[in-house]
Amino acid sequence: MRLDKFLKVSRLIKRRTLAKEVCDQGRISINGRPAKASTSVACGDVLTVKFGQKIVEARVEVLQESAKKELAAQMYTILSETKRSGEPDLDDDDEEDED
């Protein structure tokens, strides 16, 4: 199954077009490798998805062509959910030079 379709059917990402955009931005990897929307997903693969300030790792459990809302969450298992640290503030170094 294609990655963008899996993300939509499992409801990790609500729309397939949005899933494709996220893949194109390089914010999703499968088993540590950057993945495109057309990359095939298999059971046991570990997906790493970078949402805004959050990084979610999920293992693919079941592949289904379609799933009801109640069954969609069974398609994957969340392995970890971490908050991304903010980008370093580049202005801190400039304050010392102002003396």
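Residues numbered from 1 in each chain as written. Predicted model: local features only at pLDDT ≥ 70, side-chain atom pairs only at ≥ 80, totals over all residues. Heavy atoms only, no water.

*Asks:* Report on the confidence of the model for the chain, specifying residues and quantitative values.
*Replies:* A low pLDDT means the predicted coordinates there should not be read in detail. Here the chain averages 82 in pLDDT, while 86% of its residues score no lower than 70. Across the chain, the element-wise mean pLDDT spans from 48 in helix H4 (residues 92-97) up to 92 in strand S1 (residues 28-30). (pLDDT = per-residue confidence, 0-100. Helix = DSSP H or I, 4+ residues; strand = E, 2+ residues; numbered from the N terminus.)

*Asks:* Can you break down the pattern of salt bridges residue by residue, with the values?
*Replies:* Applying the stated criterion across every chain, the model contains six salt bridges. For Arg-2, the salt bridge is made with Asp-4, and the minimal N-O distance between the two is 3.1 Å. A relative accessible area of 36% means that Arg-2 is categorised as partly exposed. Asp-4 sits in the buried class, given a relative accessible area of 3%. Between Lys-54 and Glu-81 there is a salt bridge, with its nearest N and O atoms 3.4 Å apart. One end of the pair, Lys-54, is in strand S4 (residues 54-60); the other, Glu-81, is in strand S5 (residues 76-83), with 27 residues separating them in the sequence. Through salt bridges with shared partners, a single network forms among Arg-2, Asp-4 and Arg-16. (Salt bridge = Lys/Arg side-chain N within 4 Å of Asp/Glu carboxyl O. Buried < 20%, exposed > 50% of the residue type's maximum accessible area, 1.4 Å probe, protein only.)

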